[in-house]
Amino acid sequence: MRTIIIPFTNSAFRLIFEDCTLADNFAATFGPASPYEERSDRIIEITGKGNMPYSVRLDGKTVRDGLSRDEAAYSVSRVFGDDICSHVSASVCVMHAASVLIDDTVVSFSGASGSGKTTLSLFFSEYGSYVGDEYAFLDMETGRLWHEQHPFQLKESNAALFIPDIASPAVLAVQGEFGRAYYASLAFTNRKNAKHTERFKLGVLVFPRFDPGYGQTVINNLPMSKLPDVVLQSLMGQAPPSLLLGRFIKMAARERLKFLEIRFSDGAGAAEKLYAHIQKYTGETKR
Amino acid sequence: MNYELCEGVTIEHIDGHNVLVAEKGDVAVLNRTASCILDNVLDDGGIENAVKSVLDKYSTDGDTARADAEEFIAGLAEKKLIKFGSE
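Here is what the cut-offs are and how they apply
- Residues numbered from 1 in each chain as written.
- Chains lettered and ligands numbered in written order.
- Predicted model: local features only at pLDDT ≥ 70, side-chain atom pairs only at ≥ 80, totals over all residues.
- Heavy atoms only, no water.
- Pairing = 2+ DSSP bridges.
- Helix = DSSP H or I, 4+ residues; strand = E, 2+ residues; numbered from the N terminus.
- Axes fitted to C-alpha atoms, helices over the stretch in contact; angles between N-to-C directions.
- Contact = heavy atoms within 4.5 Å.
- Buried area = accessible area lost by both parts, 1.4 Å probe.
- Salt bridge = Lys/Arg side-chain N within 4 Å of Asp/Glu carboxyl O.
- Polar contact = N/O pair within 3.5 Å; in protein donor to acceptor, adjacent residues only side chain to side chain.
- Nonpolar A, V, L, I, M, F, W, Y, C, P; charged D, E, K, R; others polar.
- Phe/Tyr/Trp six-rings, centres within 6.5 Å; stacked < 30°, edge-to-face > 60°.
- Buried < 20%, exposed > 50% of the residue type's maximum accessible area, 1.4 Å probe, protein only.
- Expected span 1.5 Å × (residues − 1).
- Lys, Arg positive; Asp, Glu negative; His and termini not counted.
- pLDDT = per-residue confidence, 0-100.
- Arc of directions from axis to C-beta.

Draft legend 1. Layout of the sheet that holds strand S3 (residues 17–22) of chain B. Residues and elements named next belong to chain B. The three strands are arranged S2-S3-S4 in an open sheet whose pairing can be described as antiparallel. Pairing within the sheet leaves two strands with one partner each, and these edge strands are strand S2 (9–14) and strand S4 (27–30). Going from strand to strand, the sheet's axes swing by 20 degrees on average, the running direction of each strand aside.

Draft legend 2. Spotlight on the interface of chain A and chain B. Opposite the 16 residues of chain A that make contact, chain B presents 13 residues. Here chain A and chain B share an interface that buries about 1,100 Å² over both sides, 70% of which is from carbon and sulfur atoms. The largest per-residue losses of area from chain A upon contact with chain B belong to A:Met224, A:Ile249 and A:Lys250, which jointly make up 47% of the total buried on that side. Our count for the contact surface shared by chain A and chain B stands at one salt bridge. Put simply, A:Lys258 and B:Asp15 hold a salt bridge, and the shortest N to O gap is 3.7 Å. Where chain A touches chain B, the interface holds zero residue pairs in polar contact (both at pLDDT 80 or more). Those elements giving two or more residues to the side of chain A that touches chain B turn out to be helix H6 (227–234), helix H7 (241–254) and strand S17 (258–264) of chain A. With eight residues, the single largest contributor to the side of chain A that touches chain B is H7(A). The residue inventory of the side of chain A that touches chain B, partitioned by class, reads ten nonpolar, four polar and two charged.

Draft legend 3. Fine view of the packing of aromatic side chains. Residues and elements named next belong to chain A. The tally for this structure, following the rule as stated, stands at eight aromatic pairs over all chains. Consider the rings of Phe210 and Phe264, whose centres lie 5.4 Å apart with planes at 50 degrees: the pair is tilted. Here the residue Phe210 occupies a position in strand S14 (residues 200–210), and Phe264 occupies one in strand S17, the gap between them amounting to 54 residues. Looking at Phe210, the relative accessible area reads 33%, which means it is partly exposed. Ring pairs connect the aromatic residues Phe109, Phe124, Tyr127 and Tyr275, which therefore count as one cluster.

Draft legend 4. Expanded view of H7(A). Residue and element names in this part refer to chain A. For H7, built from 14 residues, the straight-helix expectation of 20 Å at 1.5 Å per residue is met to within 8% by its first-to-last C-alpha distance of 20 Å. Taken as a whole, H7 has its buried residues at Leu244, Leu245, Gly246, Phe248, Ile249, Met251, Ala252 and Ala253. Of the residues flanking the end of H7, it is Arg256, one or two places downstream, whose phi is positive at about 55 degrees.

Draft legend 5. Quick look at unusual backbone geometry. Residue and element names in this part refer to chain A. Of note in this structure, Asp103 is not a glycine but carries a positive phi near 55 degrees. With respect to the helices and strands, the residue Asp103 is situated in the loop between strand S6 (92–102) and strand S7 (105–110). Take Asp103: its relative accessible area is 63%, and that puts it in the exposed class. Unusually for a residue other than glycine, Arg256 sits at a positive phi of about 55 degrees. For Arg256, the position within the fold is in the loop between H7 and S17.

Draft legend 6. Geometry of the side chain of A:Asp139. By secondary structure assignment, the location of A:Asp139 is in strand S9 (residues 135–139). Although A:Asp139 lies buried, it forms no salt bridge, and the closest oppositely charged side chain, A:Arg199, sits 4.3 Å away as judged by the N-O distance.

Draft legend 7. Seen up close, the confidence of the model for chain A. Averaged over chain A, the pLDDT score is 79; the fraction of residues at 70 or greater is 76%. For the stretch residues 184–195 of chain A, pLDDT sits under 50, and the model shows 34 contacts to residues farther than four places along the chain or on other chains.

Draft legend 8. Focus on helix H3 (residues 62–78) of chain B. Residues and elements named next belong to chain B. Taking 1.5 Å of rise per residue, 17 residues should cover 24 Å, and H3 covers 24 Å from first to last C-alpha, within 8% of that figure. Those residues of H3 that sit buried are Ala65, Ala69, Phe72, Ile73 and Leu76. Buried residues of H3, seen end-on, are gathered within an arc of 95 degrees and therefore sit on one face of the element. Every exposed residue of H3 that faces more than 90 degrees away from the buried side is listed here: Asp63, Glu71 and Glu78. Looking at the packing, one finds that the buried side of H3 touches strand S1 (3–5), S3, S4, helix H1 (32–42), helix H2 (46–57) and strand S5 (82–84). Looking one or two residues past H3, Lys80 carries a phi angle of roughly 60 degrees, positive in sign.

Draft legend 9. Quick look at the pattern of salt bridges. Counted by the stated rule, this structure contains 13 salt bridges over all chains. A salt bridge links A:Arg57 to A:Glu45, with the shortest nitrogen-to-oxygen separation between them at 3.8 Å. Placement of the pair is A:Arg57 in strand S4 (residues 54–58) and A:Glu45 in strand S3 (residues 42–47), with a sequence separation of twelve residues. Here B:Glu70 ties to B:Arg66 by a salt bridge, and the two come within 3.2 Å at their closest N and O atoms. Here the residue B:Glu70 and the residue B:Arg66 both occupy positions in helix H3, the gap between them amounting to four residues, near one helical turn. Judged by its relative accessible area of 39%, B:Glu70 falls in the partly exposed class. The exposure class of B:Arg66 is partly exposed, given its relative accessible area of 27%. What emerges from the salt-bridge pattern is a single network uniting A:Arg42, A:Asp59 and A:Asp83.

Encoded structure:
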């Protein structure tokens, strides 16, 4: 049995593992056990070994059971995510998104798992600075966005990006492996520069659609009729979804947010084309 | 007597589109035709002027334009995004 403590901004988690390999990987991802033990207020228990089914309990209650090791790891990361959402204020929403800073404006990529937002954002970070993945915090009164540290899952399709020899310079470490998938802790540029609390103006929200057989990249303005549905799919927060949507749209109008959709199969090519598209749009807006 | 936005409802402009947003959360994205109809009814032009404006801009017949306009306005009223006069 192993126990590691993971400090988050608002809570600390005491993870109790029966499987030492899984514990080692989490510890490697989040760093060594810290002096935050006394702050630990959530207890996650993970039981199961090797190929045996895993179960995940939170504060004594079963979250899920009959899980594979990958699923158990993912389930734990979801607990972290739910905890993040429970601490945001009414004026803040949490978006399922990855973000890149270009000049002084953030381009965020939002979409469901498998949509390619992580892949595209990592390629896109070659043109700017990686800000974060998974949970983007958006203050709907100011239109400013930031990320907090969170592990994220890399699929085999983009794991190669994280091999140090060929990695994006924005990505500094791969730590921890769970079966076929990887969980990485990024040394985000902002964190490296001790500016992780800085909030950036959100300028463009991109909804990617990764389509391996498509063979080309097509970028369009998001049809506004799709806006409510796609936004609702990625927003989380304290208020009911419909209220969040209304506040989000008012913010988007006030801040003149740009919405794009991109269908792609080649991440590098798509990122290059998207960067040119946004630069052109930004230039036209400034004129 | 004419239509007006219900209390707490605003018209936001995103990417060249009008979006009706209610404080309680209802949202309606308007296409160009819908925006044209709403502009007219809110400007005291009523359904008649809205239909005329649609016919000026788009190739459709009067009956269809009127039916579409009435259905659209009724839908907004049902969602309590607009109301008639001092309702």
